[in-house]
Amino acid sequence: MRDNVIAICPGSFDPVTYGHLDIITRAAGMFKKLIVVVASNSSKNCCFTPEERVELIKKCITNLDNVEVVHYDGLLADYAAQVGATAIIKGLRAMSDFEYEFQMALTNRKLNNEVETVFLTTSAEYMYLSSSLVKEVARLGGDIKEFVPPCAAQDVVNKFERNDTHDR
Ligand code: ADP
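Calculation criteria
Along each chain, residues carry numbers from 1 onward, in the same order as the chain's sequence is written. pLDDT decides what is reported in this predicted model: residues at 70 or higher carry local features, side-chain atom pairs at 80 or more are listed and counted, and totals for whole chains, interfaces and linings draw on all residues regardless. The side-chain numbers reported here are obtained from all heavy atoms of the structure, hydrogens and water having been left aside. When we say a residue is near a molecule or strand, we mean one of its heavy atoms is within 4 Å of it. Side-chain atoms alone can form a polar contact between residues adjacent in sequence; in general such a contact is a pair of N or O atoms within 3.5 Å, and within protein one must be able to donate a hydrogen while the other accepts it. With residues, only the protein chains shown are counted as cover, and all accessible areas are computed by Shrake-Rupley using a 1.4 Å probe. Under the DSSP-based scheme used, a helix requires at least four consecutive residues in state H or I and a strand at least two consecutive residues in state E, with every element numbered from the N terminus. Amino acids are sorted into nonpolar (Ala, Val, Leu, Ile, Met, Phe, Trp, Tyr, Cys and Pro), charged (Asp, Glu, Lys and Arg) and polar (every other residue, Gly among them).

**Examining the site of the ligand**
And step 1. Surrounding the ligand, one finds 16 residues, the nearest of these being F13, G91, T122, Y126 and L129.
And step 2. A distance of 3.1 Å separates an oxygen atom of the ligand from a polar backbone atom of S12.
And step 3. Contacts to the ligand include F13, whose backbone N or O atom sits 2.9 Å from an oxygen atom.
And step 4. In the complex, 92% of the free accessible area of the ligand, which totals 540 Å², lies under the protein chains.
And step 5. For the shell around the ligand, the elements supplying multiple residues, two or more each, are β1 (6-11), α1 (18-28) and β4 (87-92).
And step 6. Broken down by element, the residue count for the shell around the ligand peaks at three residues, all from α1.
And step 7. Looking at side-chain class alone, the shell around the ligand contains five nonpolar, eight polar and three charged residues.

This is the structure:
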């Protein structure tokens, strides 16, 4: 991997999970700089505000000095051009992720031909893990310690206890 490459890692991160952090940590080791881009996804109703999602990720990555976390709402291809990123990192959990991700990768390439999408396969232990699952368990009062690191877990629990989710 070229050591001068800036990469971006987009997602909803509503909330961040060990699955996301595994991808972020592995990608941080591959590139000069990694920017985690918290996007508002029009097809998803997010429980956490973008600012909350950014803060939760920041709390979990204090050990990674080449990772930045931002909120961006426009086209990812434009953001990549703006910051000079030439790689988009995506995690793949299953074949079901693939079709959509493949389409997104081709679209981003059309919009910005400087950018390559790089797929990292999930670590086996996180294959089942998604933000939706975390929210479902937290909403029902279950223990989320297997899914979210301690530095963020309490914030997630509090959110559901107070029932003040951003968009239900
Ligand atoms: P989700 O809401 O499904 O967790 P996000 O939009 O927040 O998804 O995901 C951002 C990126 O992280 C996507 O590339 C997604 O495939 C990846 N990702 C999410 N969960 C995992 C996991 N458990 N293992 C690997 N990659 C993951």
